[in-house]
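One-letter residues, chain by chain:
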Amino acid sequence: MLPRMTPVFRRGLAVQGRKLASSINSQFATRRHGSLAAMSASAAVGLGLTWQVSKPAVSCEATVNWDEVRKEIVKILEDDSFVDSSYEGAHAGPLFLRLAWHSAGTFCACTKTGGSDGATMRFEPEISWGANAGLAKAQKLLEPVKKKFPSASYSDLWIFAACVAIEEMGGSKVPFTPGRVDKPDGRSCPVWEGATHKDGRLPSADMGSPDKTAAHLRYIFNRMGFDDKEIVALSGAHGLGACHVENSGFWGPWTRAPTTVSNEYYRELLENTWTIKTTHKGKPWNGPLQFEDPTGDLMMLPSDIVLIQDREFRKHVECYAKNDAAFQKDFAAVVGKLFALGCNPQKKGWF
C-alpha cells in the first residue's frame, strides 16, 4: 500500500532523492534499504521555559474546528524556516510525535494516573525529566495554534498535532478523539518512584546489559498495558527523527528516511551491521554506549539492538521488516492506543 502523497511527504522524498544522487557511488548505494537518503530528524533543541505558565483547566469544546486546526499544523510542517542541526529537509513532524508520545507514555494502568490527559509536561518537574529534553521547542511551535484556537486544550492539541504529522509523513490515519482537560499546574505531574525515576515514567535507552534492558522495556510498557508485539510496533517510531548530544547525549538518526513513516527501522536493524561506536567525526566518542553502522551515519540505541537480541522481540522485528503494510496497520493502531491512554471515549469520560 503506497503512502498518501502529502506536500510534506513529497518534500521529504525530494530531499532524500537529492541525497541519494550525491552518494550513489558509496558502498551502500546499492542496498535496497539505503535508497532513501535523508539524514537524521531530531527530537529537538531545548529552549527556555519562560513562556510556560500555569493555565486554568480547559477542556476541548465542540466549537473547535479541527479541520482548521489541521491546516495550521500543516503550515508548521511545511515551514522551510524550520532548522534542525542533524539533517537536510527537516520539519517538525518527528518532534510533534515525540511530544505526544512522551505525554501519553506516562500512563499507569494500575493506578490510572498519567497519560495524554492534562498536558502536565508544561510544568516542573515533568518538563525537566531527562527523557523530555528539547520538547519545550515542540510546545513553543504549537503555541500560536493554541492562541488561535483557545477552546482546544493543550493536551488535545499535542495529540492531534502528532496524528496530523504521522499522516503528513506518509503514515496511516491514527484515530483521534478530543476531550482532554488541561491540568492547572505541576502538582498534577505523574509521580514515578521506580528504578528509572530520574527519567520519570518513560523508558531508558540502556540498563547496562541486554537482559536488563529487555526487562526494563517490558516493565515500562507493560505498566501502560502493552505486550511484546506492541512494544516492537511502537519502537518503529524511531524510524523518524534522530538523537542529539545536547538533549540525550546520544547522536544520530536511525534510518536514512527520517521524515517518512515506513518499516526502514526494522530493515536497518536486521540488514545492517551494528558495532559499538568509538569515534565521532574523527574524534574519540565520549558519549553513552550506542551502536553505529559501517558508514557512521546511522545509529541504534542499546534498547533498539535488544529488539533483535531478545528472541520474543525479534520475531516481531522480522515480521515488520518483511511487511511494510503490516507495520503501517499495527503502528497506527498501537499509536492510537497510546494516545488514548487515560481516556475511555465509550463512557465519555477520563480515568
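Structure report, in brief. Nothing here was measured: the structure is a model prediction, and the numbers come from that model.

Remarks on the nonpolar core
So, step 1. Formed by 87 residues in total, the largest nonpolar core has its most connected members in Val 69, Ile 73, Phe 96, Leu 142, Phe 226, Leu 338 and Phe 339.
So, step 2. Looking at which element gives the most residues to this core, the answer is helix 5 (residues 154–168), with 11 residues.

Some points on the packing of aromatic side chains
So, step 1. Enumeration over the complete set of coordinates arrives at 10 aromatic pairs.
So, step 2. Considering the side-chain rings of Tyr 266 and Tyr 320, the 5.3 Å spacing of their centres and the 50° angle between planes classify their relative orientation as tilted. Here Tyr 266, found in helix 8 (residues 264–271), pairs with Tyr 320, found in helix 10 (residues 311–322); they are 54 residues apart in sequence, far enough to count as distant.
So, step 3. Residue class for Tyr 320 comes out buried when judged on its relative accessible area of 2%.
So, step 4. A network of ring pairs unites the aromatic residues Tyr 265, Tyr 266, Tyr 320, Phe 327 and Phe 331 as a single cluster.
So, step 5. When the ring centre of Tyr 154 is taken as origin, the NZ or CZ atom of Lys 146, which lies over that ring, is 4.9 Å away.

Notes on the environment of Ile 220
So, step 1. One can find Ile 220 in helix 6 (residues 210–224).
So, step 2. On the basis of relative accessibility, which here comes to 0%, the residue Ile 220 falls in the buried class.
So, step 3. For the pair Ile 220 and Pro 203, spaced 17 residues apart in the sequence, the C-alpha separation amounts to 6.1 Å.

Quick word on unusual backbone geometry
So, step 1. The step from Glu 124 to Pro 125 runs through a cis peptide bond, and the omega angle for that step is 5°.
So, step 2. By secondary structure assignment, the location of Pro 125 is in the loop between helix 3 (93–104) and helix 4 (135–148).
So, step 3. Notably, Lys 281 is not glycine yet its phi reads approximately 55°, a positive angle.
So, step 4. In this structure, Lys 281 sits in the loop between strand 4 (279–280) and strand 5 (283–284).

A short note on the sheet that holds strand 6 (residues 291–292)
So, step 1. An order of 3-6-7 is seen for the three strands of this open sheet, with the pairing classed as antiparallel. Each having just a single partner strand, strand 3 (275–276) and strand 7 (299–300) make up the two edges of the open sheet.
So, step 2. Direction of pairing for strand 6 relative to strand 7: antiparallel, over a ladder of two bridges. Paired with Phe 291 across the two strands is Met 300, which belongs to strand 7.

Quick look at the state of the cysteines
So, step 1. One pass over the structure, following the stated rule, counts zero disulfides.
So, step 2. Of the cysteine sulfurs around Cys 108, a residue in no disulfide, the closest is that of Cys 110, at 4.9 Å.

Thoughts on the packing of helix 3 against helix 4
So, step 1. Packing of helix 3 against helix 4 brings their axes to within 9 Å, and their N-to-C directions diverge by 105°. By the angle between their directions, the pair helix 3 and helix 4 is classed as roughly perpendicular. Contacts between helix 3 and helix 4 involve Leu 95, Phe 96, Arg 98, Leu 99 and His 102 on the former and, on the latter, Leu 135, Lys 137, Ala 138, Gln 139, Leu 141 and Leu 142.
So, step 2. Partitioned by chemical class, the residues of the contact of helix 3 with helix 4 number seven nonpolar, two polar and two charged.

Focus: helix 8
So, step 1. Burial analysis of helix 8 places six of its eight residues in the buried class, which makes it a mostly covered element.
So, step 2. Buried within helix 8 are the following residues: Glu 264, Tyr 265, Tyr 266, Arg 267, Glu 268 and Leu 269.
So, step 3. The inward-facing, buried residues of helix 8 contact helix 7 (228–235), strand 7, helix 9 (302–309), helix 10 and helix 11 (324–339).

Observations concerning helix 11
Note: α-helices contain 3.6 residues per turn, so residues at a spacing of three or four share the same orientation.
So, step 1. Here helix 11 is 16 residues long and its end C-alpha atoms lie 22 Å apart, about the 22 Å a rise of 1.5 Å per residue gives.
So, step 2. For helix 11, the full list of buried residues reads Phe 327, Gln 328, Asp 330, Phe 331, Ala 332, Val 334, Val 335, Gly 336, Leu 338 and Phe 339.
So, step 3. Summarising the contacts, the buried residues of helix 11 are in contact with helix 3, helix 5, helix 6, helix 7, helix 8 and helix 10.
So, step 4. Here helix 11 starts with a cap whose side-chain oxygen sits 3.2 Å from the backbone nitrogen of Ala 325, and that cap is Asn 323.

What counts, and where the lines are drawn
Residues numbered from 1 in each chain as written. Predicted model: local features only at pLDDT ≥ 70, side-chain atom pairs only at ≥ 80, totals over all residues. Heavy atoms only, no water. Core = buried A, V, L, I, M, F, W, Y, C linked by side-chain atoms within 4.5 Å. Buried < 20%, exposed > 50% of the residue type's maximum accessible area, 1.4 Å probe, protein only. Helix = DSSP H or I, 4+ residues; strand = E, 2+ residues; numbered from the N terminus. Phe/Tyr/Trp six-rings, centres within 6.5 Å; stacked < 30°, edge-to-face > 60°. Lys NZ or Arg CZ within 6 Å of the ring centre and 35° of its normal. Pairing = 2+ DSSP bridges. Disulfide = S-S within 2.5 Å. Axes fitted to C-alpha atoms, helices over the stretch in contact; angles between N-to-C directions. Parallel < 35°, antiparallel > 145°, perpendicular 65-115°, else oblique. Contact = heavy atoms within 4.5 Å. Nonpolar A, V, L, I, M, F, W, Y, C, P; charged D, E, K, R; others polar. Expected span 1.5 Å × (residues − 1). Polar contact = N/O pair within 3.5 Å; in protein donor to acceptor, adjacent residues only side chain to side chain.

Function cannot be inferred from these measures alone, as they are strictly geometric.
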